[in-house]
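Structural overview
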Amino acid sequence: MTEPVGDTPGEGHGVAQVRGSSLLLTGQAFAICVNFITQILIIRYLPVADFGALAYILSLTWVARNLSTLGLHRVLPSLVPQYHEREDYRRLFGAIVLQAGAILVLGLGLWMVLLAATAVGHPVFADEPGRSLVIILTLLIPLEALDYFLFEMLMAAFNQPKAIFFRKHIIGPLVKVAIVASLVGIGASVQWLALGMVLATVIGIGVYLPLVVRVFAEMGLTRHLAEGISIPWNALSMAVPMLTTEIMLAARHSLDAVIVQANHGFHAVAQLRAIQPAANVNDLVAASFALLFLPLASRLIERGGGAELNAVYWRTAAWQIALTMPVFLLTFSFAPTTTVILAGQQYESSAIVLATLATGAFVATALGPAQLVLVAAGRIRYIVIGNVMMAVVSIALLLLLVPPLGPLGAALATAIAVVLQRGYELLGLGRTAVSRVSMANLGLTLTVAAAALTLLAIQEFLNPPLIVAFAIAGAMVLLTFRLFSGVLAVDQTFPEVLRIPGARLVLGHPAVATIAAEEASSESMRIPR
């Protein structure tokens, strides 16, 4: 189950990071499929108003869950590997205790605040099902924070993609879909579905605990418990400002539901949230790579491996673009078809919302994990300033666009804000070893964009059978991998792929790919003045 953390800097770090991230991506692909089934069951089973109420309350609990970590979940994946590198086990264990304590204290506190809102008769929670849903779903605040931001963080910090794969991408989704399918099968109410979500999270925590204990034992960490703990209170000086990230994300991903509900009601919230799972798949690759990229970036900065960090950054960005391409085509070029298949005919008007969100997510993914490098480099003040600015921009865009455009206005506000945020973070890389631009990656991004627009035009003007359109899309994906096989360096990262019959015809000759990769790496390392 465990995998040793590498000690030798070099190309192997980038390859291991991409391979480990790709394992997580494979797991996430499976989890996404299972979660899609869960979402489809809920969306198609519940009346639109009930689904809107459920999505609204889940948006509020999502914000509270993130705030309950006190921002520590954004810095501890960087600090824990550094403590481990220095063999500073007292602070390592202290960091874990600090995160767990913050979640329990703040999570329970925010849970009580939302319960109090129902007691004083807040208008949104005055009637059913809003009142009962907030009582049930607020239990997820401390539970999900422990599950996602403590256990998963530890597995990532200690480079355990297999443990994350097993718990997060296999056990968790299967348990959730089994519970939801059972409740739908017996005709349960929306309140019982909410209880099922809570139960699935409790079972997930029960699975994660033994994994954490096993990893600690196999890595030899348990024998250092006798040394005691030392709470790294200085971590709070980095973490608390990172709460501005949560405020920014709340303005972008939760306040939209609040403003949409205030202007257009729960039906409009349902129209916005029904396609959210499909739109979020565009973030799947970046999220999978981020789990292992931040600890690796922290280790490389700690060792002074600036040149390697630059190469790993743009190699990671290239794989993010290439692996996101099929999803982007489905959620942009095939948005109407995807929307109806997933959510049903009653949500057909949400197709343009899906395409808008997919565009913003893809552009942000193509720019690479800039914020993670800034965190690893300790540029917290720069991040905080950006978060505050983007929160203001997000709120302003929502207030401007939602009243006249409804869910589409919320999608436009989100897409614009996420691209501005990533562009700002990319500008901040000037003081790090990572260059602000890679011409090879720019070419890859433009190629994917051209393919998406061409496919959209083919469907609009020629209207081919769906199977033909999918075949064209598949050919575009394979051609893109062929054209940019050197940038991706498939032969170095996944040499097993080249043993598959026909793989060399698609990806090119390994020697050519290696030379092209070296040229792309050299180009990306030129930091513009």
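Before reading further, recall that the structure is shown in the block above.
I will try to describe carefully the structure that is included in this document.

Conventions used here
Residues numbered from 1 in each chain as written. Predicted model: local features only at pLDDT ≥ 70, side-chain atom pairs only at ≥ 80, totals over all residues. Heavy atoms only, no water. Core = buried A, V, L, I, M, F, W, Y, C linked by side-chain atoms within 4.5 Å. Buried < 20%, exposed > 50% of the residue type's maximum accessible area, 1.4 Å probe, protein only. Helix = DSSP H or I, 4+ residues; strand = E, 2+ residues; numbered from the N terminus. Contact = heavy atoms within 4.5 Å. Phe/Tyr/Trp six-rings, centres within 6.5 Å; stacked < 30°, edge-to-face > 60°.

Before going further, it helps to spend a moment on the nonpolar core. Formed by 88 residues in total, the largest nonpolar core has its most connected members in Phe51, Leu54, Leu133, Leu137 and Tyr347. Of the residues forming this core, the biggest block, nine residues, is contributed by helix α15 (residues 306-333). Beyond its immediate sequence surroundings of up to four residues, Leu137 is in contact with Leu54, Ile57, Leu58, Thr61, Ala194 and Met197. One finds Leu79, Ala95, Leu146 and Ile205 within the second-largest nonpolar core, a separate group that totals 34 residues.

This part covers the packing of aromatic side chains. Counted under the stated rule, the structure contains eight aromatic pairs. Ring centres 4.7 Å apart and planes at 50° place the aromatic pair Phe334 and Phe470 in the tilted group. Of the two residues, Phe334 is situated in the loop between α15 and α16 (335-343) and Phe470 in helix α22 (residues 466-483); the sequence distance between them amounts to 136 residues. Since its relative accessible area comes to 2%, Phe334 is described here as buried. An aromatic cluster is present here, built from Phe328, Phe332 and Phe362 joined pairwise through their rings.

Unusually for a residue other than glycine, Glu87 sits at a positive phi of about 60°. Residue placement: Glu87 occurs in the loop between α3 (76-85) and α4 (89-119). Of note, Asn463 is a non-glycine position whose phi angle comes to about 50°, a positive value. For Asn463, the position within the fold is in the loop between α21 (439-461) and α22.

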